[in-house]
Amino acid sequence: MSAVLLNQSISLVGSGELGLTHHLDAHVYLFSSGDEYALVDSGAGVEMDDLLANIHGVIGRSGTLRYVLLTHCHGDHAGGVARIHSEFPAAVILASEFEARLLAEGSEFELGLTQAKYAGTYPPDYIFRHTPGARAAGHQEIFELGSLCIQALYTPGHTKGSVCYLVQGDYPTLFSGDTVFWGGLIQLMNTPGSEMADYRASAQLLAALDAEALLPGHGLCVLRHARAHLEKMGEYFRRSGPPPMPAKVEKIVPRAAERKAV
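Residues numbered from 1 in each chain as written. Predicted model: local features only at pLDDT ≥ 70, side-chain atom pairs only at ≥ 80, totals over all residues. Heavy atoms only, no water.

### Some points on the nonpolar core
Side chains of nonpolar character tend, in soluble globular proteins, to be buried together. Ranked by size, the top nonpolar core spans 33 residues in total, and within it Ile55, Leu65, Leu70, Ile84 and Leu103 carry the most contacts. Contributing elements (two or more residues each) for this core: β3 (28-33), β4 (36-40), α1 (49-59), β5 (64-69), α3 (81-87), β6 (92-95), α4 (97-105) and α5 (113-119). Among the elements that line this core, the one with the most residues is α1, at 4 residues. Val40, Leu145, Ala152 and Val163 belong to the second largest nonpolar core, which has 21 residues in total. (Core = buried A, V, L, I, M, F, W, Y, C linked by side-chain atoms within 4.5 Å. Buried < 20%, exposed > 50% of the residue type's maximum accessible area, 1.4 Å probe, protein only. Helix = DSSP H or I, 4+ residues; strand = E, 2+ residues; numbered from the N terminus.)

Structure follows, in structure tokens:
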């Protein structure tokens, strides 16, 4: 399986939902400016050969992976960081200060794995492989990637340390992790650090952004007019009831023989 090209500089290199990589993986994006690349999230860290092959296939021999941008440290987004770091040791891992600590030493309860394993979202034997040394990105801090500017925006709500990354340029793109999805939907959870009050403040911040593309951790991507989806999120939070969330459906887990045949 190969990466999905979203535009000339952004590729979807991992996704369990689309069958690109292991079924536990959230969407994993790779974008570039010239020969410099940044990876957004890292998948769950299970059976990573397909994900790594897709990354190498896009970067090629002359490219450099400069950043790994973590939106938060739930397993489907950050479980693969340890393997990515061993494959690309020069890449700087960016996260909020709170999530950087979880990446280095967070307990299963802090990482939301206790509830997720109980619910069957992850198998009982799933192991989150910790990775120390992530660089804590400050709120609104800007990082350069070739001619692009990447702004880290603290957006707690889904988790206490969630970060969205706004890539500024001719095609402003927001990588939103699990903070906001197509249609302005959110993902509030019964896990540590997931708080409605935090989400409300984050919604106000995001609704004011001028983004053309919205690339979330799950579900549909928005490639044009993303601001309308962010404004819809803000509208939901101005109402008295809780904002809507994506429908909860059971994951479809392929049998081992089917996974090997792909």
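### Points about unusual backbone geometry
A positive phi angle, near 70 degrees, is found at Gln140, a position not held by glycine. With respect to the element layout, Gln140 can be found in the loop between β7 (135-136) and β8 (142-145). Residue Gln140 is classed as partly exposed on the basis of its relative accessible area, which comes to 43%. Positive phi outside glycine occurs at His225, with the angle close to 60 degrees. Mapped onto the secondary structure, His225 falls in the loop between β12 (213-216) and α7 (226-237). For His225, a relative accessible area of 48% corresponds to the partly exposed category.

### Here we look at the packing of helix α6 (residues 196-207) against α7
α7 packs onto α6 with a crossing angle of 140 degrees between their chain directions and a minimal axis gap of 8 Å. Viewed along their axes, α6 and α7 adopt a mutual orientation that is oblique. At the point where α6 passes α7, the crossing takes the left-handed sense. Between α6, through Met196, Tyr199, Arg200, Ala203, Leu206 and Ala207, and α7, the contact on the second element is made entirely by Arg227, Leu230, Glu231, Met233, Gly234 and Phe237. (Axes fitted to C-alpha atoms, helices over the stretch in contact; angles between N-to-C directions. Parallel < 35°, antiparallel > 145°, perpendicular 65-115°, else oblique. Left-handed = near helix turned anticlockwise from the far one by under 90°. Contact = heavy atoms within 4.5 Å.)

### Considerations on the sheet that holds strand β10 (residues 163-168)
What the 5 strands build is an open sheet, ordered β8-β9-β10-β11-β12; its pairing is mixed. One side of each edge strand has no neighbouring strand; the edge strands of this open sheet are β8 and β12. Ignoring strand direction, the axes of neighbouring strands in this sheet form an average angle of 20 degrees. Here strand β9 (residues 148-154) pairs with β10 via 6 bridges, running antiparallel. Residue pairing in the sheet places Leu153 in a bridge with Cys164 of β10. (Pairing = 2+ DSSP bridges.)

### Things to note about the environment of Thr114
Looking at the element boundaries, Thr114 is found in helix α5. Spatially, the C-alpha atoms of Thr114 and Leu102 are 14 Å apart, while their sequence positions differ by 12 residues. The residues contacting Thr114, other than those within four sequence positions of it, are Glu108 and Phe109.

### A look at the pairing of β12
Burial along β12 is two-sided: Ala213 and Leu215 facing one way and Leu214 and Pro216 facing the other are all buried. Handedness of the β-α-β unit built from strand β11 (residues 173-177), α6 and β12 comes out right-handed. (Right-handed = clockwise from strand over helix to strand, strands pointing away.)

### Considerations on the pairing of β4
Burial analysis of β4 places 4 of its 5 residues in the buried class, the great majority of the element. In the sheet, β3 pairs with β4 via 5 bridges, with the strands oriented antiparallel. Within the sheet, the bridge partner assigned to Phe31 lies in β4 and is Ala38. Counted along the chain from β3 to the antiparallel partner β4, the turn is 2 residues long, and its residue Gly34 has a positive phi close to 65 degrees.

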